[in-house]
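Structural overview
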Amino acid sequence: MAKAFFNGSLVIDWSESIGHECKISISDWDSGLIVTSHDQDKLSPLSLLDVGDWIFGVDEPAINRWRATLPKDVNKALEYLPSHQASILRWAVDSSIITDLLVSNPLLLWLLVDDGLFARSSLGEVNRRLSVRQRYLCSELGLAGTEQQTRLLKSAASASLGANSIRSLKDLLDNEAVCSFLRHRGQISEPVIRVIKRYPWSVRYPVKALIDDLQGGETLRYFQDVIRMLDDLGPLYRCRTVNSLLRLHDRLVAHINDRGFNFIRDEYGDIKQLPAPPLPGNESIKPLTSQQEIVDEGREMKHCIASYMGSVSLGEFCVYQMLEPERLTIGVVVGISASRDRDKQCFLREVRGKCNRYPSDESMKLIEDWFAGAQEW
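Predicted model, so just to flag it, every value in this text is computed and none were measured. (Residues numbered from 1 in each chain as written. Predicted model: local features only at pLDDT ≥ 70, side-chain atom pairs only at ≥ 80, totals over all residues. Heavy atoms only, no water.)

Here's the deal with the side chain of Ser 363
Inspection of the secondary structure assignment puts Ser 363 in helix H19 (residues 361–375). Contacts of Ser 363, omitting those with residues within four sequence positions, involve Met 322, Pro 325, Glu 326 and Leu 328. (Helix = DSSP H or I, 4+ residues; strand = E, 2+ residues; numbered from the N terminus. Contact = heavy atoms within 4.5 Å.)

See below:
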């Protein structure tokens, strides 16, 4: 267990826990953040990169006192970065150009570092590359290099995005419609980035009004159901409210269940046989093994389970019917085990009653017990 104390420099000491002298010291900002290793009377120079980013995520009095020696705006900017803090800070302490970019547009600097800005470069070379307007730095990332892209990266910093979300945001900024949409928002959040990355076309149509409602839960499920049921997404594009989305969903369910379903057919024109369900049923839960059974289930239960038929035919989804203690439809996602390519891995996707009603706690417990036992079969 390391001990830390601050005496003008931050000292992190592992000596007591490992039985011999082993500690590092990090000087304050004004002294250049010099890192020295003390190992059994041997002094060795290190850098913040050797220390690592962990030091910026620890709430410890001595470390906090050391961080307080950094300029306030630098400290604040570091909080916006998901990683690379040590790498950036070790250069920033010797470069006003890097410090200024860190403070003014931390995510832009982070993306440049993540893209290899510091790799095999001298401080002079890095300063030269950064001594241009920020929109030109955006163009180094493969973007068009517009002022709007620069401003959006700057405004996104306060959302404290994760690394993958920052990378996704950078990719999305190449879409002019996305930039226009984000420009009118108060804050760019991780959930919004995830939704737009998955449905980038949504920002071009009135349905963009639903983006905040598509961050999970029932609305997202209905949205995905509608996409599966529509050949032409035009009616979905025009939805401006959750109620209009639900009305469209219900009309499509009625159309599938009341006016007939176009069965998937094989190369001979026969109705295609479905893959065998991967999990066995029991006395109250049985697998639906044909397209007709799944269509009949949707008609009886008044929901859109038939819209999953394409995934069922590919062996990526399977459907089970619960008879007791209540009538329910069970959807199971089928994947491939990461450890063994031939093994199927199943996930309980959703359980719905008639008209998409939720199951009772009693039924859900029975289903969870069946699912756990069936995977061991």
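Section: the packing of helix H4 (residues 72–79) against helix H6 (residues 96–104)
One way to put it is that H4 packs onto H6 with a least axis distance of 8 Å and a crossing angle of 60°. For the element pair H4 / H6, the angle class is oblique. For H4 against H6, the interelement crossing comes out left-handed. Within the contact between the two elements, H4 uses Asp 73, Val 74, Ala 77 and Leu 78 and H6 uses Thr 99, Leu 102 and Val 103. Residue composition of the contact of H4 with H6, by class: five nonpolar, one polar and one charged. (Axes fitted to C-alpha atoms, helices over the stretch in contact; angles between N-to-C directions. Parallel < 35°, antiparallel > 145°, perpendicular 65-115°, else oblique. Left-handed = near helix turned anticlockwise from the far one by under 90°. Nonpolar A, V, L, I, M, F, W, Y, C, P; charged D, E, K, R; others polar.)

Focus on the environment of Arg 67
With respect to the helices and strands, the residue Arg 67 is situated in helix H3 (residues 61–67). Given the relative accessible area of 11%, Arg 67 is considered buried. Through-space distance from the C-alpha of Arg 67 to that of Pro 287 is 60 Å; in sequence the pair is 220 residues apart. Excluding residues that lie within four positions of it along the chain, Arg 67 makes contacts with Phe 56, Asn 75, Leu 78 and Glu 79. (Buried < 20%, exposed > 50% of the residue type's maximum accessible area, 1.4 Å probe, protein only.)

What about H19?
Residues that lie three or four places apart on an α-helix share one face, since the helix turns once every 3.6 residues. In a regular helix each residue adds 1.5 Å, so 15 residues correspond to 21 Å; H19 covers 21 Å between its end C-alpha atoms and thus fits that length. Taken residue by residue, H19 has Ser 363, Ile 367, Trp 370, Phe 371 and Ala 374 as its buried positions. An end-on view of H19 places all buried positions within 100° of arc, on one side of the element. Turned more than 90 degrees off the buried face of H19, the exposed positions are Asp 361 and Glu 362. (Expected span 1.5 Å × (residues − 1). Arc of directions from axis to C-beta.)

Brief notes about the sheet that holds strand E4 (residues 35–39)
Taken in spatial order, the five strands of this open sheet run E1-E2-E3-E4-E5, and their pairing is antiparallel. Of all the strands in the sheet, just strand E1 (3–6) and strand E5 (42–46) have a single pairing partner and so form its edges. Pairs of neighbouring strands in the sheet enclose a mean axial angle of 20°, with direction left out of account. With four bridges connecting them, E1 and strand E2 (residues 9–13) associate as antiparallel partners. Of the residues in E2, the one forming a bridge with Phe 6 is Leu 10. (Pairing = 2+ DSSP bridges.)

Considering H6
Of the positions making up H6, those classed as buried are Ile 98, Thr 99, Leu 101 and Leu 102. Summarising the axial view, the buried residues of H6 lie within an arc of 165°, below the 170-degree limit, and thus occupy one face. Of the exposed residues in H6, those oriented more than 90 degrees away from the buried face are Ser 96 and Asp 100. Buried positions along H6 lie against H4, helix H5 (85–92), helix H7 (106–114), helix H8 (123–130) and helix H9 (134–140).

Looking at the pattern of salt bridges
Tallied over the full model, the rule gives 20 salt bridges. Between Glu 79 and Lys 76 there is a salt bridge, with the nearest N and O atoms lying 3.6 Å from each other. You can see Glu 79 and its partner Lys 76 sitting in helix H4, three residues apart, about one turn around the helix. Residue classification places Glu 79 among the partly exposed residues on the basis of a relative accessible area of 47%. Its salt-bridge partner being Asp 212, residue Arg 185 comes within 2.8 Å of it at the nearest N-O pair. Placement of Arg 185 in the loop between helix H12 (176–183) and helix H13 (190–198) and of Asp 212 in the loop between H13 and helix H14 (217–229) is noted, with a sequence separation of 27 residues between them. The exposure class assigned to Arg 185 is partly exposed, which follows from its relative accessible area of 24%. Assessed through its relative accessible area of 44%, Asp 212 is described here as partly exposed. Here the salt bridges share partners, and the residues they tie into one network are Glu 218, Arg 221, Asp 225, Arg 228, Arg 349, Glu 350 and Arg 352. (Salt bridge = Lys/Arg side-chain N within 4 Å of Asp/Glu carboxyl O.)

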